[in-house]
Amino acid sequence: MPINKRFINTGNSRVVRKQKGNCKGPANHFFKYNSCHDLKYIPLKISIIYLLVGFTWIIISDNILSNYVAKDKTMLNHFQTFKGWIYVISTAVLLYCLIKKVSNIIKEKEISKEQSYKELAESDRKLQENMKEIEKLAYYDSLTNLPNRAYILNKIEEILKTANDKIKFTLLFLDLDNFKTINDILGHSYGDQLLNSIGSKLRNCIGENNIIARLGGDEFLILLYNTDDKTKIIETATQITDIFSGQWYLGNKDFCITASIGVVVYPKDGPDTQTLYKNADTAMYQVKEKGKNGFEFFSPEMNEKVIKRLELENELRKAIKNEEFIVFYQPQVDIRNMQIRGFEALVRWKHPTDGIIVPDKFIPFAEESGLIFAIDEFVMRTAFKQFKKWLEADIGPVTLSVNLTCKQFQHDNFIDVLKQIINESGIEAQRIELEITERIVMNDFEVSIKILNELRNIGVRISLDDFGTGYSSLNYLKRLPIDTVKIDKSFINEITEDSKEEAIAEAIIALAHKMNLSVIAEGIETEKQLEFILGQNCDSAQGYYFSKPLPAHEVEGLLSSLSPNKMRIFL
């Protein structure tokens, strides 16, 4: 096998130098090589040396014969024999030396070749190891050791390149619900520990013939080969959701972690990787919107919702820029004397073409898109400013209530912004009542307690809205620094027809009074409902029975015309 002389000189210069050193010695008087591996002219040199030695011996021996032993035939015969032996022996010695030298050179060459092969093999082994390490870094997640986004998308591309009528597979896009809570409460090290554990359980769940990859953060993508049977897909998706049915023990605490899964099937749900990925993501968000913790198959109608969501986001951005939001005010009546005790500020969207839009139609999406902060700040500034005008006109009620959204309540600078708005408005903090829901509080109870205490230190009042629809835990309720409980209108709607609803409403009112909390009943629409809460010594009420939410100018007219004796006119 020929040796790549250039490669050896470049990659193994130490060996080359050693070989050159071995060529030095007596034989170099006859053999001067540019390289110990260059044997091209050795046969010619051997032949020339052999001829020179032979001719020299013939000349010398012939001179001896001519000058000394030519006349003595006996001596001549002996000398000719001796001459032959000398020539044979000298030729043999010379050939031995030459062949020995050549053999040494060839041996050195073979040794060098073998050493080069060994070093080449070792270099190749290290190269393969490095390539494997590079591949691992490029195609595997360092935290979970699962394949990463690049790996699984490449696999999908490979499948699609060989696509034919028989190719079929399913993708499950999985996103953990409320994973941010783990990182916020315990720190990222516990979050990483949870991700690693979930990755391991998911890998065991889907089997060796399928692929699960971590896309990043708390997102995973599962590839089920040769599967389009809906029954089997549902079975697999159910097994995955069952993984999250129990609690996860982290940092000496138990946590409930669930997952939302979007499902797409090739080729029904998309012809290429990008479309499949997008549709799986869309289906996953449908699960989120429906309450999380489940799975949903993609359908074309979902894309229509996505388009509407994008259109709504653009319209909301324009609405914020063009100041299309307005604040309505609904009276809260002290039913013990039938006087207005305060107003609840409620935002409305005055759409250029659709008219007045109620909060339920846009607030959830505003929270999801992050636009809620601008809307919430607008409501507080507008309502506080208007409330100040009423107070200065000596027609203002006692308190003003403002609803807090989850994003607003948990925002890092919410307290500072609230202080600034209160100071700018000139309103006494004691006149402001902030309404929060049970779900907001329970999203992170300990953090919520801290924020509520900071709000109490400012001087604002706290109202627990929609009580009875969430956790309603007495253990939690007794720890909350609140002033008021608002009974959700779902109980009020049924109290005149369902004795159970009456019992619950009665128990809530009695419990709140025992805890020195005032009670407001929401959704009062009939005389019977009002009579019931009056009979239970409820403190206040609001609802269409008293008034629908009104714009500021109508509230001013109402307040200016009312007196304690004329309150029934308002009713």
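Residues numbered from 1 in each chain as written. Predicted model: local features only at pLDDT ≥ 70, side-chain atom pairs only at ≥ 80, totals over all residues. Heavy atoms only, no water.

Engineer: A description of the packing of aromatic side chains should follow, citing residues and the corresponding values.
Structural biologist: One pass over the structure, following the stated rule, counts 11 aromatic pairs. Taking 5.5 Å as the distance between ring centres and 70° as the angle between the ring planes, the aromatic pair formed by Phe173 and Tyr277 counts as edge-to-face. Of this pair, Phe173 sits in strand β1 (residues 169–177) while Tyr277 sits in helix α9 (residues 273–289), and the two are 104 residues apart along the sequence. Pairing Phe325 with Trp349 gives two aromatic rings, centres 5.9 Å apart and planes at 35°, and the pair type is tilted. In this pair, Phe325 is assigned in strand β8 (residues 325–334) and Trp349 in strand β9 (residues 339–351), connecting sequence segments 24 residues apart. Taking the relative accessible area as the measure of exposure, Trp349 reaches 1% and is therefore buried. The structure contains a cluster of three or more aromatic residues connected by ring pairs, namely Tyr139, Tyr140 and Tyr151. Taking the ring centre of Phe297 as reference, the NZ or CZ of Lys230 above it sits at 5.1 Å. (Phe/Tyr/Trp six-rings, centres within 6.5 Å; stacked < 30°, edge-to-face > 60°. Helix = DSSP H or I, 4+ residues; strand = E, 2+ residues; numbered from the N terminus. Buried < 20%, exposed > 50% of the residue type's maximum accessible area, 1.4 Å probe, protein only. Lys NZ or Arg CZ within 6 Å of the ring centre and 35° of its normal.)

Engineer: Before we move on, could you go through the side chain of Glu344 and cite the residues and values that matter?
Structural biologist: The residue Glu344 is located in strand β9 in this model. Look at Glu344 and you get buried, because its relative accessible area is 4%. Of the polar contacts made by the side chain of Glu344, one reaches the side chain of Asn403; its length is 2.7 Å. In contact with Glu344, not counting residues within four places along its chain, are Phe328, Tyr329, Gln330, Gln332, Ser401, Asn403, Glu435, Lys486 and Gln542. (Polar contact = N/O pair within 3.5 Å; in protein donor to acceptor, adjacent residues only side chain to side chain. Contact = heavy atoms within 4.5 Å.)

Engineer: Report on the pattern of salt bridges, specifying residues and quantitative values.
Structural biologist: Applying the stated criterion to the full structure yields 23 salt bridges. Here Glu377 makes a salt bridge to Arg381, at a shortest N to O gap of 3.1 Å. Taken together, the residues span about one helical turn, with Glu377 and Arg381 both in helix α12 (residues 372–392) at a distance of four residues. The network of salt bridges with common partners includes Glu344, Glu435, Lys486 and Glu522. (Salt bridge = Lys/Arg side-chain N within 4 Å of Asp/Glu carboxyl O.)

Engineer: Mind laying out helix α6 (residues 179–186), listing which residues take part and the relevant values?
Structural biologist: Residues of α6 that are buried: Phe179, Thr181, Ile182, Asn183 and Leu186. Looking at the buried side of α6, the elements it contacts are β1, α7 (188–206), β4 (248–250), β5 (253–255) and α15 (438–443). Phi turns positive, to about 105°, at Gly187, one or two residues after α6.

Engineer: Kindly report on the packing of α7 against helix α8 (residues 230–243), identifying the contributing residues and their values.
Structural biologist: Remark: α7 packs on α8, axes separated minimally by 10 Å, with the N-to-C direction vectors making an angle of 155°. Classified by the angle their axes make, α7 and α8 are roughly antiparallel. Of the two possible hands of crossing, α7 and α8 adopt the one that is right-handed. Between α7, through Lys201, Leu202, Cys205 and Ile206, and α8, the contact on the second element is made entirely by Gln239, Ile240 and Ile243. (Axes fitted to C-alpha atoms, helices over the stretch in contact; angles between N-to-C directions. Parallel < 35°, antiparallel > 145°, perpendicular 65-115°, else oblique. Left-handed = near helix turned anticlockwise from the far one by under 90°.)

Engineer: Provide a residue-level description of the nonpolar core, including the pertinent values.
Structural biologist: Among soluble globular proteins, nonpolar side chains are generally buried collectively. Residues Tyr329, Phe384, Leu434, Leu455 and Ile533 are the most contacted members of the largest nonpolar core, which totals 83 residues. In terms of residues, this core owes the most to one element, α12, which gives eight residues. Core analysis: the next-biggest nonpolar cluster, separate from the first, contains 30 residues, Leu172, Phe179, Leu195 and Ile206 among them. (Core = buried A, V, L, I, M, F, W, Y, C linked by side-chain atoms within 4.5 Å.)

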